[in-house]
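# Summary of structural features
Okay, here's what each chain looks like letter by letter:
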Amino acid sequence: MLPCLVRFIDGVIEEYHSLYPDRRKPTIEDVTEWDMRIPFDGMAELIWNQPGFFRFLKPYEDYVAVMKRLFDEGIETRIITNPSASRTIAHDKYYWIEKNLPWFPLSNVRMTSEKSEIYNPNAILIDDSPYYLSTWKGVSIAVDKPYNQGFGDKRVYKAEDVIPIVYRLRDVYNTLIE
């Protein structure tokens, strides 16, 4: 759920613009594919691999609130996130989680480049990545973005839409177990 919690693309846009103020400032609408090289002139990966980049990204407060509510209501909640190729990104992500989700146990964070390897038949993936939405073995909820159209079993357009889907699926799973 970390991509849904962090204003990652907003951060890439702002950093790109600060590095290249004379170039056209991309918008989220310019990111129509997961490969972000085109709107950022091939610089996106260099930007997000900078030490410290993830530490200071802003949260999506509405998704943080939804995650906190689910966590407080006893829904088993995990963050599965890609540590990337950079040596500092994993550390920066842990820092971000501690700063922005102080109530969330770090033992519930999993770092892997293959989210589908962390499979539980009752797990629901909430993500924006077309790759992870398409490779997840269980139910996936796509957080609507221009670059992930056509991916995910369910789609949400605003954070609060996640809650009824999670509860409906939990009820189905509980019925199957009984």
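Residue positions are counted from 1 within each chain, in the order its sequence is given. Owing to the predicted nature of the model, reporting of local features is limited to residues with pLDDT of at least 70; listing and counting of side-chain atom pairs is limited to 80 or more, with chain, interface and lining totals taken over all residues. By convention in this description, side-chain values take in all heavy atoms of the structure and omit both hydrogens and water.

### Points about the overall build of the protein chain
Secondary structure counts use DSSP, requiring at least four H or I residues in a row for a helix and at least two E residues in a row for a strand, with both numbered from the N terminus. Scanning the protein chain from N- to C-terminus turns up seven helices and five strands. When the elements of the protein chain are put in sequence order from the N terminus, they spell out α-α-α-α-β-α-β-β-α-β-β-α. Against the globule reference of 16 Å for 178 residues, the protein chain gives a C-alpha radius of gyration of 17 Å, in line with a compact fold. In terms of overall dimensions, the protein chain has C-alpha extents of about 60 × 35 × 25 Å along its principal axes. By the convention used here, residues are in contact when the closest approach between their heavy atoms is within 4.5 Å. Partitioning the intrachain contacts of the protein chain with sequence separation of at least 6 by distance along the chain shows that 59% fall at a separation of at least 24. In this charge count, Lys and Arg are treated as positive and Asp and Glu as negative; neither His nor the chain ends contribute. By convention, the charge on Lys lies at NZ, on Arg at CZ, on Asp at CG and on Glu at CD. Between the averaged position of the 22 positive side-chain charges in the protein chain and that of its 27 negative side-chain charges there is a distance of 2 Å. For a compact globule the rule gives 2.2 Å times the number of residues to the power 0.38, and the radius of gyration it is set against comes from C-alpha atoms.

### Comments concerning the pattern of salt bridges
One speaks of a salt bridge when a side-chain nitrogen belonging to Lys or Arg is within 4 Å of a carboxyl oxygen belonging to Asp or Glu. One pass over the structure, following the stated rule, counts twelve salt bridges. The closest approach of N and O atoms between D10 and R7, which form a salt bridge, is 3.0 Å. With a shortest N-O distance of 3.0 Å, E73 and R69 are connected by a salt bridge. For every residue, the accessible area (1.4 Å probe, protein chains only) is compared with the maximum for its type, and the residue is labelled buried under 20%, exposed over 50%, or partly exposed between those bounds. Accessibility expressed as a relative area gives 40% for E73, which makes it partly exposed.

### Focus on the nonpolar core
We define the nonpolar core as a collection of buried residues of types Ala, Val, Leu, Ile, Met, Phe, Trp, Tyr and Cys that are connected through side-chain atoms lying within 4.5 Å of one another. L5, F8, W48 and Y63 are the most contacted members of the largest nonpolar core, which totals 45 residues. If you list the elements that add at least two residues to this core, you get α1 (2-5), α2 (8-19), α3 (44-48), α4 (61-72), α5 (89-100), β4 (139-143) and α7 (162-177). Residues within four places of F8 in sequence aside, it is in contact with M36, W48, F53, F54 and L57. Counting five residues, the second largest nonpolar core, distinct from the first, contains A123, L125, Y132 and W136.

### Remarks on unusual backbone geometry
Note: most residues except glycine have negative phi, and most peptide bonds are trans. Positive phi outside glycine occurs at D41, with the angle close to 50 degrees. Residue position: D41 is located in the loop between α2 and α3.

### Here's the deal with α5
Take the number of residues in a helix, subtract one, and multiply by 1.5 Å to get its expected span. Spanning twelve residues, α5 covers 16 Å between terminal C-alpha atoms, matching the ideal 16 Å at 1.5 Å per step. Among all positions in α5, only I89, D92, K93, W96, I97 and N100 are buried. Buried residues along α5 cover an arc of 140 degrees about the axis, so they all sit on one side. The arc under discussion is defined with respect to the helix axis, by the directions toward the C-beta atoms.

### What about the packing of aromatic side chains?
Here the aromatic set is Phe, Tyr and Trp, taking the six-membered ring for Trp, and pairing holds for ring centres within 6.5 Å; pairs whose planes are under 30 degrees apart are stacked, those over 60 apart are edge-to-face, and all others are tilted. Within this structure, the stated rule accounts for 13 aromatic pairs. Relative to F54, the ring of F53 lies with its centre 5.6 Å away and its plane at 90 degrees, an arrangement referred to as edge-to-face. Where F71 meets F104, the ring centres are 5.9 Å apart and the plane angle is 50 degrees; that geometry is what we call tilted. Of this pair, F71 sits in helix α4 while F104 sits in the loop between α5 and β2 (109-111), and the two are 33 residues apart along the sequence. Cluster of aromatic residues (ring-pair linked, three or more members): F8, W48, F53 and F54. When the NZ atom of lysine or the CZ atom of arginine is within 6 Å of a ring's centre and also within 35 degrees of its normal, the charge is said to sit over that ring. A cation over an aromatic ring shows up here: R23 above the ring of Y20, its NZ or CZ 4.1 Å from the ring centre. The ring of Y95 has R55 sitting right over it, with the charged end atom 4.1 Å from the ring centre.

### Points about α4
Between the first and last C-alpha of α4 there are 16 Å, a value that for twelve residues agrees with the 16 Å anticipated at 1.5 Å per step. Of all the residues in α4, the buried ones are Y63, V64, V66, M67 and L70. Down the axis of α4, the buried side of the element spans an arc of 160 degrees, and every buried residue falls inside it. Remark: G74 follows α4 within two positions and exhibits a positive phi of approximately 90 degrees.

### Quick notes on the pairing of strand β3 (residues 124-127)
Bridging between β3 and β4 involves four bridges; their strand directions are parallel. Residue pairing for β4: L125 is matched across the bridge by S140. Of the crossover connections in this fold, the one passing from β3 over helix α6 (residues 130-135) to the parallel β4 is right-handed. The rule for pairing is simple: two strands pair if DSSP sees at least two bridges between them. For a crossover, the right-handed case is the one in which the path from the first strand over the helix to the second runs clockwise, viewed with the strands pointing away from the viewer.

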